[in-house]
Amino acid sequence: MAIGEDLLWDAADKGTRTRARLRRLAVTAGCAGLFVLVLWAYSDSTWAACAAAAYVLAEISYRVWDRRRLVEVQIVTGDADSRVTLRLRQADGRTTEHDPRHVTRVLIIHDNVVHSAKLRLRLRGKRVLRGRPGRPPSLTTWRSACPTAHVRERGAWWGMPGTP
């Protein structure tokens, strides 16, 4: 099997979108704080403070979850020892290398509304790694790169009304 540097997965959006998320957090926290200060004397407005705190916690937890998602998966051969490795790059910029024989499952989930797909990758002894939405890859490339993996694809289980 002669593989150079093949791109197995490439997400459409590789950034962390930190600036937009921080702007939303600041506006929400500021508006909720102003709302609580204005209405504090006239009514019980603790629900607004709780709602703002819940939103801030939800944004923080989404940020932690989203930065670990895969944005790029490459199969790379080493120059000196011709060892084949699987290079995984996450949204936060961290890059790890794994043996392709340690991949146990590859699932490509096709979106039934737009032409994109999501990746779910399971390594032996590790949890499932999820990829951000990207262009649907070829399954034959995955099968040749990870010969011991169970590679399959399926459609999404959700869609717009009237879309099968």
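See above for the structure.
Residues numbered from 1 in each chain as written. Predicted model: local features only at pLDDT ≥ 70, side-chain atom pairs only at ≥ 80, totals over all residues. Heavy atoms only, no water.

Enquirer: Any chance you could break down the overall build of the protein chain for me, citing the residues and the numbers?
Expert: When helices and strands are counted, the protein chain shows 3 helices and 8 strands. For the protein chain, the sequential pattern of α-helices and β-strands runs β-α-α-β-β-β-β-β-β-α-β. Scored against the burial criterion, the 164 residues of the protein chain give a buried share of 32%. Long-range pairs, those at least 24 residues apart, make up 57% of the contacts in the protein chain with a sequence separation of at least 6. Within the structure as shown, the protein chain displays about 10100 Å² of accessible surface, and the carbon and sulfur contribution to it stands at 59%. (Helix = DSSP H or I, 4+ residues; strand = E, 2+ residues; numbered from the N terminus. Buried < 20%, exposed > 50% of the residue type's maximum accessible area, 1.4 Å probe, protein only. Contact = heavy atoms within 4.5 Å. Areas by Shrake-Rupley, 256 points an atom, 1.4 Å probe, with all protein chains shown as cover.)

Enquirer: Help me get a handle on the nonpolar core, residues and values and all.
Expert: Ranked by size, the top nonpolar core spans 24 residues in total, and within it V73, V106, L119, L121 and W142 carry the most contacts. Ignoring any residue separated from it by four or fewer positions in sequence, one finds V73 in contact with D6, L7, L8, W9, L86, R87, L88, L119 and W142. (Core = buried A, V, L, I, M, F, W, Y, C linked by side-chain atoms within 4.5 Å.)

Enquirer: Before we move on, could you go through the sheet that holds strand β6 (residues 117–123) and cite the residues and values that matter?
Expert: Taken in spatial order, the 4 strands of this open sheet run β7-β6-β5-β8, and their pairing is mixed. Since the sheet does not close on itself, it has two edges, and those belong to β7 (128–130) and β8 (150–155), each with one partner. Sheet twist, expressed as the average angle between the axes of neighbouring strands with direction ignored, equals 20°. (Pairing = 2+ DSSP bridges. Axes fitted to C-alpha atoms, helices over the stretch in contact; angles between N-to-C directions.)

Enquirer: Can you explain the layout of surface pockets? Please cite residues and give values.
Expert: Empty space among the atoms can be located by rolling a probe the size of a water molecule over them. Of the pockets and cavities examined, the largest pocket occupies roughly 260 Å³. Contributing to the lining of the largest pocket are 17 residues, with I109, K118, R120, A156 and W158 lying nearest its centre. Of all elements in the fold, only β5 (103–110) and β6 reach the threshold of two or more residues within the lining of the largest pocket. The leading source of residues in the lining of the largest pocket is β6, at 4 residues. Its residues placed into classes, the lining of the largest pocket shows 8 nonpolar, 3 polar and 6 charged. (1 Å grid on protein atoms, 1.4 Å probe; cavity = no way out; pocket = protein on both sides within 12 Å on 5 of 7 lines; lining within 4 Å. Points joined across faces, edges and corners; volume = space filled by probe spheres on them. Nonpolar A, V, L, I, M, F, W, Y, C, P; charged D, E, K, R; others polar.)

Enquirer: Lay out the side chain of S116 with the relevant residues and their values.
Expert: One can find S116 in the loop between β5 and β6. Its relative accessible area of 15% is what places S116 among the buried residues. If sequence neighbours within four positions are ignored, S116 has contacts with I109, H110, D111, G134 and P136.

Enquirer: Requested: an account of the pairing of β6, with residues and values cited.
Expert: Here β6 shows one buried face, formed by A117, L119, L121 and L123, and one open face, formed by K118, R120 and R122. Direction of pairing for β5 relative to β6: antiparallel, over a ladder of 7 bridges. Of the residues in β6, the one forming a bridge with I109 is K118. Counting the residues between successive antiparallel strands, the hairpin from β5 to β6 contains 6 residues. For β6 and β7, the ladder comprises 3 bridges, and the chain directions are antiparallel. Within β7, the residue paired with L121 across the bridge is L129.

Enquirer: Residue-level account of the pattern of salt bridges, with values.
Expert: Tallied over the full model, the rule gives 3 salt bridges. The residue E97 makes a salt bridge to R87 at a minimum N-O spacing of 3.1 Å. Of the two residues, E97 sits in strand β4 (residues 95–98) while R87 sits in strand β3 (residues 84–90), which places them 10 residues apart along the sequence. (Salt bridge = Lys/Arg side-chain N within 4 Å of Asp/Glu carboxyl O.)

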